[in-house]
Amino acid sequence: MVDGKVSDLRTPLMADCKVELLTFDDDEGKKAFWHTTSHILAQAVKRLYPNAKLAIGPAIDEGFYYDFDVEKPFDSDDLSRIEAEMKSIVKSGIEISRFEKSPEDSLALLKEMNEPYKVELASEHADKGEPISFYKQAEFTDLCAGPHLMSVAAVKAFKLTNCTGAYWRGDSKNAQLCRVYGISFPKAAMLDEYITRREEALKRDHNKLGRELELFTTVDYIGQGLPIMLPKGARVIQLLQRFVEDLEQKHGWQLTKTPFMAKSDLYKISGHWDHYKDGMFVLGDEEKDDEVYALRPMTCPFQYQAFLNRGRSYRDLPMRLNETSTLFRNEASGEMHGLIRVRQFTISEGHLMCTPEQLAGEFEHCLSLAIYCLKTLGLYEDVSYRFSQWDPDDREKYIGTPEQWAEAQGVMKEILDHLGIAYKIGIGEAAFYGPKLDIQIKNVFGKEDTLITIQIDQMLAEKFGMEYVDRDGVKKNPYIIHRTSIGCYERTLALLIEKYAGAFPLWLAPVQVKLLPIADRHLDRIYEISRALDDIGMRVEVDDRSEKIGYKIREAQMQKVPYMVIIGDKDIENDTVSIRHRKDGDLGSMPLSDFVAMMRDEIDHKVIK
């Protein structure tokens, strides 16, 4: 690190600069380590498959990947061969050197190497006229900005973990590449620890557990990213929605219901047509049809119509509009994963119109509501914050002036610093119309995804002609806060499955009580209890199969049901119920009323156990 900026050790240093050496314990140190390993992977692939074309190979949140254009995707045997060649490369202790060339010479070199994807990348930098950097290790040379380790020898332990398809630059119109994922460490013991941790994570993987527990499924002929919620999964999402909608109503949010689609005219006003069209499902052909529609990727331009329904004054503000919104986004096939990233999803979306004086207080209320939801669900301890800002070097990606962005980001920084929120900055991660606070959470495999966003927007109100009459009689554009309280319900369900390994808290469990008769003569009492619990809103199931009680208990345990009510002769004789908890085991016998009171208290307080 040179003067606070990550730099290569090969870079000449100024006499008065401040130098900090990074290690694997530092985030940026890990990235350099993993980036180096991605080049070792690429070198091994080129040795074994000389016709493979190189795309990109970055470090990611945990590990690295490299994309290759190959005749056929790699299988497990291929990955084993590649790993063996990587070990040979590391054992040789090759030193890594860096050199620069002019844009013209860089393009000539890459064309000579027959690397079309690298030629495309270098061409985009050629206009800047700046030298382009390369890294070389023995016979292998790669276009790269770095930084890298000085030698491959430090990469003592690694493993290739997965192989998937990925479109070049995430665009389905481009070639599909073979993406190889991996992880590496400076010590073998660290890799062993990682493998053990990953094996434990696999047991909690929502893709596996969610199907085993019959929460959701997917069907090839329906399509990728379009999960089917089975009755139990649908029930959990319904419970989450009711919780959020009731909570938001108590906090002054007003419910709206808006269309799933709109004419392109709406998206052209908002800017989505110019800045987000590739991520939308468009219905119709602009060149042939008089009217072209698109499924909504977000709700904001729809909800604004509630504000625009009549004239507004400062007395109407803040105006808080919320909606349980079903949205559609054309995600690349290589990006989709279970319920984490899908093409159709439901979200607790809201938009708040306010005056400049109200902005800080309303932003804080939105954040407090989100934190309350996360704490209630038991997810808050796993979150981190990212302040997503615009990239002034990529102006085409955004609307508005530098002055507007400086103002909006300045306001958000002031709010976050005042609240004491520890955040990372994400340059280029802002929405096209404003900065945002991303509340992020890691899944069981360590990949970080955004669960909740809160955004400040001072641009779309003007585009839609949204105005209010202020105290001084002057018409002004309101500030808009875009926010969610719990984010995408499908993603939240995935994270809850992984957090609790499918054993949901009682208030969220799709089946709260399993009723187990010891013998058929106890069925009448079991059905009587079932009706009584059903009448007070408990979610119950009866296992009336002619199986041994031990087998029934094991089945209920496997299904992660919180409570089992077991009825035998003594229970009927004493007018009691025998209670068993999935975690605490046998709780003894008690009157049914006591059991109901115990469950009521656990549900009302949303106890996590």
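Definitions and limits used
Position numbers for residues start from 1 in each chain and track the written sequence from start to end. Reporting in this predicted model follows two pLDDT cut-offs: at least 70 for local features of residues, and 80 or more for side-chain atom pairs to be given and counted; totals over whole chains, interfaces and linings ignore these cut-offs and use all residues. Processing note: side-chain calculations cover all non-hydrogen atoms of the structure and skip hydrogens and water entirely. In this text, helices come from DSSP runs of H or I with a minimum length of four residues, and strands from runs of E with a minimum of two, each type numbered from the N-terminal end. When a residue's accessible area, from a 1.4 Å probe over protein chains only, is under 20% of the maximum for its type it is buried; when over 50% it is exposed; and in between it is partly exposed. Contacts are residue-level and defined by heavy atoms, with any inter-residue pair within 4.5 Å sufficient. Per-residue and other accessible areas were derived by the Shrake-Rupley procedure at a 1.4 Å probe size, with only the shown protein chains allowed to occlude residues. When charges are counted, Lys and Arg are positive and Asp and Glu negative, with His and the chain ends excluded. Note that the charge is assigned to NZ on lysines, CZ on arginines, CG on aspartates and CD on glutamates. By this rule the span expected of a helix is its residue count minus one, scaled by 1.5 Å. Note on ring pairs: Phe, Tyr and Trp rings are taken, using the six-membered ring of Trp, and paired if centres are within 6.5 Å. Classes follow the plane angle, with under 30 degrees stacked, over 60 edge-to-face and the rest tilted. Should DSSP find at least two bridges between two strands, the strands are taken to pair. Note on geometry: axes are C-alpha line fits, over the in-contact stretch for helices, and angles between N-to-C directions span 0 to 180 degrees. Residues enter a nonpolar core if they are buried and are Ala, Val, Leu, Ile, Met, Phe, Trp, Tyr or Cys, with the set joined through side-chain atoms within 4.5 Å. Here the arc refers to the directions that run from the helix axis out to each C-beta atom. What qualifies as a polar contact is a pair of N or O atoms within 3.5 Å, subject to a donor-acceptor requirement within protein and to the restriction that residues adjacent in sequence count only when both atoms come from side chains. The cut-offs work like this: below 35 degrees is roughly parallel, past 145 is roughly antiparallel, 65 to 115 is roughly perpendicular, and the gaps in between are oblique. Note on convention: the crossing is left-handed when the near helix lies turned anticlockwise from the far helix by less than a right angle, right-handed when the turn is clockwise. Under the scheme applied, nonpolar residues are Ala, Val, Leu, Ile, Met, Phe, Trp, Tyr, Cys and Pro; charged residues are Asp, Glu, Lys and Arg; polar residues are all the others, including Gly. Residues forming no salt bridge and having over 30% relative accessible area are the ones grouped into patches, like charges within 9 Å of each other and nonpolar side chains (Val, Leu, Ile, Met, Phe, Trp, Tyr) within 5 Å. Within this document, salt bridges are pairs made up of a side-chain nitrogen of Lys or Arg and a carboxyl oxygen of Asp or Glu, the two lying within 4 Å of each other.

Quick look at the overall build of the protein
Stage number 1. For the protein, the count of helices and strands is 18 helices and 28 strands.
Stage number 2. Seen through its principal axes, the protein has C-alpha atoms that stretch 90 × 70 × 60 Å.
Stage number 3. Split into buried and exposed, the 609 residues of the protein put 50% on the buried side.
Stage number 4. Considering only contacts in the protein between residues 6 or more positions apart, those separated by 24 or more positions represent 69%.
Stage number 5. If you sum the accessible surface of the protein, you get close to 29600 Å²; carbon and sulfur atoms cover 48% of it.
Stage number 6. Where the 80 positive side-chain charges of the protein centre and where its 100 negative ones centre are 3 Å apart.

What about helix H18 (residues 592-604)?
Stage number 1. Along its 13 residues, H18 runs 18 Å from first to last C-alpha, staying within 8% of the 18 Å computed at 1.5 Å per residue.
Stage number 2. If you follow the buried residues of H18, they end up packed against strand S24 (513-517), helix H15 (523-535), strand S26 (563-567), strand S27 (577-581) and strand S28 (585-590).
Stage number 3. Two residues or fewer past H18, Lys-606 is found with a positive phi of approximately 50°.

A look at the packing of aromatic side chains
Each aromatic ring pair is characterised by the separation of its centres together with the angle its planes make.
Stage number 1. For the coordinates displayed, the defined rule picks out 21 aromatic pairs.
Stage number 2. Judged by centre distance (5.0 Å) and plane angle (45°), the rings of Tyr-49 and Phe-74 are tilted. You can see Tyr-49 sitting in the loop between helix H1 (27-48) and strand S1 (53-54) and its partner Phe-74 sitting in the loop between strand S3 (63-69) and helix H2 (76-92), a full 25 residues away along the chain. Accessibility classification places Tyr-49 together with Phe-74 in one group, the buried group.
Stage number 3. With a centroid separation of 5.0 Å and 65° between ring planes, the pair formed by Tyr-117 and Trp-168 is classed as edge-to-face.

Things to note about the sheet that holds strand S25 (residues 540-542)
Stage number 1. An order of S25-S24-S26-S27-S28 is seen for the five strands of this open sheet, with the pairing classed as mixed. Edge positions in the sheet fall to S25 and S28, since each of these pairs with one other strand and no more. The mean inter-strand angle of the sheet, taken between neighbouring strand axes irrespective of direction, is 25°.
Stage number 2. By the bridge criterion, four bridges tie S26 to S27 in an arrangement that is antiparallel. Of the residues in S27, the one forming a bridge with Val-565 is Ile-579.

A word on the pairing of strand S19 (residues 436-442)
Stage number 1. Across the seven residues that make up S19, a large majority, six, are buried.
Stage number 2. Here six bridges tie strand S17 (residues 383-389) to S19, and the two strands are oriented antiparallel to one another. The partner of Ser-388 across the bridge, within S19, is Lys-436.
Stage number 3. Between S19 and strand S20 (residues 448-457), which pair antiparallel and follow one another directly, the connecting turn spans five residues, one of which, Gly-446, has a positive phi of 90°.

So, the sheet that holds S20
Stage number 1. Across the sheet, eight strands lie side by side as S11-S15-S16-S23-S20-S19-S17-S18; this open sheet has mixed pairing. Of all the strands in the sheet, the pair left with one neighbour each is strand S11 (254-255) and strand S18 (423-427).
Stage number 2. Relative to S20, S19 is paired through seven bridges, and the arrangement is antiparallel. Pairing of Ile-441 across the sheet is with Asp-449, part of S20.
Stage number 3. Against the sheet, helix H14 (residues 489-500) touches strand S15 (319-328), strand S16 (344-354), S19, S20 and strand S23 (479-488), its axis set at about 40° to S23.

Overview of the nonpolar core
Stage number 1. Core analysis: the largest hydrophobic core is formed by 75 residues, its most contacted members being Phe-363, Phe-504, Leu-508, Val-513, Leu-533, Val-577 and Phe-595.
Stage number 2. If sequence neighbours within four positions are ignored, Phe-363 has contacts with Met-412, Ile-415, Leu-416, Leu-437, Ile-454, Ile-456 and Ile-481.
Stage number 3. Of all hydrophobic cores here, the second largest spans 37 residues; its members include Tyr-49, Phe-64, Ile-94 and Cys-178.

Describing helix H3 (residues 103-112)
Residues spaced three or four apart along an α-helix point in a common direction, a consequence of the helix completing one turn every 3.6 residues.
Stage number 1. The complete set of buried residues in H3 reads Pro-103, Ser-106, Leu-107, Leu-109 and Leu-110. All buried residues of H3 fall inside an arc of 160° around its axis, so they share one side. Facing away from the buried side of H3, by more than 90 degrees, are the exposed residues Glu-104, Lys-111 and Glu-112.
Stage number 2. Of the surrounding elements, those touching the buried residues of H3 are strand S4 (97-101), helix H4 (116-126), strand S5 (132-137) and strand S6 (140-143).
Stage number 3. Just past H3, the residue Asn-114 takes up positive phi, approximately 60°.

So, the pairing of strand S8 (residues 176-185)
Each regular strand shows side chains that alternate between the opposite faces of the sheet.
Stage number 1. Burial runs high along S8: eight of the 10 residues are buried.
Stage number 2. Two strands pair when backbone bridges link them, and S3 and S8 are joined in this way by five bridges, in the antiparallel orientation. Within S8, the residue paired with Asp-67 across the bridge is Arg-179.
Stage number 3. Pairing geometry for strand S7 (residues 157-167) and S8, over 10 bridges, is antiparallel. Of the residues in S8, the one forming a bridge with Phe-158 is Ser-184.

Digging into the environment of Glu-323
Stage number 1. Inspection of the secondary structure puts Glu-323 in strand S15.
Stage number 2. When the C-alpha atoms of Glu-323 and Asn-443 are compared, they prove to be 26 Å apart, with 120 residues separating the residues in sequence.
Stage number 3. Discounting residues that sit within four places of it in the chain, Glu-323 has contacts with Leu-255, Thr-256, Lys-257, Thr-258, Arg-296, Thr-299, Gln-303, Ile-347, Ser-348 and Glu-349.
Stage number 4. There is a polar contact of 3.4 Å between the side chain of Glu-323 and the side chain of Arg-296.

Here we look at the packing of helix H7 (residues 231-250) against H14
Stage number 1. Contact geometry for H7 and H14: axes closest at 10 Å, N-to-C directions at 115°. The angle between the axes of H7 and H14 places the two elements in the roughly perpendicular class. Of the two elements, H7 crosses H14, and the hand of that crossing is right-handed. Residues Gly-233, Val-236, Ile-237, Leu-240, Gln-241 and Val-244 of H7 form the contact with H14, whose participating residues are Tyr-489, Thr-492, Leu-493 and Leu-496.
Stage number 2. Partitioning the contact of H7 with H14 into residue classes produces seven nonpolar, three polar and no charged.

Let's talk about a nonpolar patch on the surface
Stage number 1. On the surface, Tyr-221, Ile-222 and Ile-228 cluster together into a nonpolar patch covering about 350 Å² of accessible area.
Stage number 2. Along the chain, Ile-222 turns up in the loop between strand S9 (216-217) and strand S10 (228-229).

Quick notes on unusual backbone geometry
Stage number 1. Cis geometry is adopted by the peptide bond preceding Pro-147, which originates at Gly-146 and carries an omega value of -5°.
Stage number 2. Within the secondary structure layout, Pro-147 lies in the loop between S6 and S7.
Stage number 3. With phi around 60°, Asn-114 is a residue other than glycine that occupies positive phi space.
Stage number 4. Positionally, Asn-114 belongs in the loop between H3 and H4.
Stage number 5. Phi at Ala-501 is positive, roughly 50°, even though this residue is not glycine.
Stage number 6. Its location among the elements puts Ala-501 in the loop between H14 and S24.

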